[in-house]
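A look at the structure
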Amino acid sequence: GARSTSASSTVLASVAAGGAAPLPVLESLRNWLYDPSVAARYSSHAEGFEPLTASNVAIKMRRLCDGLATVYGSIPFARKEWGTSILGTLVGLICAQTCRNSWSSIGYSNMQATFPGPNGEPDWDRVRRSRVQDVEVCIRHGPYFHRKAERIHALLQKAYDDFGEGTSFEALNAWPSDKVRSYLMAISGISGKSVACL
């Protein structure tokens, strides 16, 4: 209201002039800003707060999705199984490194359009047999696209060298988790964070 505007103007004028804000003005601002009902509501929420842990993350995320659904309607994308191959996920993660999601999505979509393959993914064997420069053209919307194209190409070549025709890492599904982690982290451009996303 007019009283609060006047009080805040007095404080700003005093500070701008190099002086300290008068104590009565600060007191009136504090009283104006402090609302006991807000403080009580905050305290009740704080008392019921439970930190996010590995054991409660699933139920907390379900509650969040259910709460959002009451406001926005159903959220089917939050309940879909992740359908990308291991190789597709790793390439997507390389595209997303130090990059906005919108840019990495454009790059991945460009690869899909340039090297169309089954199941909505690029044909990874065709990408492997292409030139690094062809991959660069697809992902040039984001930063470090030269280096990312080289890493993607090297990743595809490793999949081919280690597992043969088809250029795929799906054989890793049969490996123990520790062995998969060690294998993937030995590849340039694949970090522990990337492996954890699998």
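The structure under discussion appears in the preceding block.
Below or above, wherever it landed, is the structure these notes cover. (Residues numbered from 1 in each chain as written. Predicted model: local features only at pLDDT ≥ 70, side-chain atom pairs only at ≥ 80, totals over all residues. Heavy atoms only, no water.)

A few points about a nonpolar patch on the surface
On the surface, Leu52, Val57, Met61, Leu64, Leu68, Val71 and Tyr72 cluster together into a nonpolar patch covering about 700 Å² of accessible area. Position of Leu64 relative to the elements: it lies in helix 4 (residues 57–72). You can call Leu64 partly exposed: its relative accessible area is 43%. (Patch = residues over 30% accessible without salt bridge, like charges linked within 9 Å, V, L, I, M, F, W, Y side chains within 5 Å. Areas by Shrake-Rupley, 256 points an atom, 1.4 Å probe, with all protein chains shown as cover. Salt bridge = Lys/Arg side-chain N within 4 Å of Asp/Glu carboxyl O. Helix = DSSP H or I, 4+ residues; strand = E, 2+ residues; numbered from the N terminus. Buried < 20%, exposed > 50% of the residue type's maximum accessible area, 1.4 Å probe, protein only.)

Digging into the packing of aromatic side chains
Evaluated as defined, the whole model comprises six aromatic pairs. Aromatic side chains Phe163 and Trp175 sit 5.9 Å apart centroid to centroid with 55° between the ring planes, which places their arrangement in the tilted category. Here Trp175 lies in the loop between helix 9 (145–163) and helix 10 (177–185) and Phe163 lies in helix 9, a separation of 12 residues in the sequence. By relative accessible area, which is 27% here, Phe163 ends up partly exposed. Aromatic pair Trp175 and Tyr183: ring centres 5.3 Å apart, planes at 75°, arrangement edge-to-face. Overall, the relative accessible area of 24% leaves Trp175 in the partly exposed class. Each residue in the set Phe163, Phe169, Trp175 and Tyr183 is aromatic and connected to the rest through ring pairs, giving one cluster. (Phe/Tyr/Trp six-rings, centres within 6.5 Å; stacked < 30°, edge-to-face > 60°.)

With respect to the state of the cysteines
Following the criterion strictly, the structure yields zero disulfides and no others. The thiol of Cys95 is unpaired, and the distance to the nearest cysteine sulfur, on Cys99, comes to 7.9 Å. The exposure class of Cys95 is buried, given its relative accessible area of 5%. With no disulfide of its own, Cys138 lies 9.1 Å from the sulfur of Cys95, the closest cysteine sulfur. Judged by relative accessible area, which is 3%, Cys138 ranks as buried. (Disulfide = S-S within 2.5 Å.)

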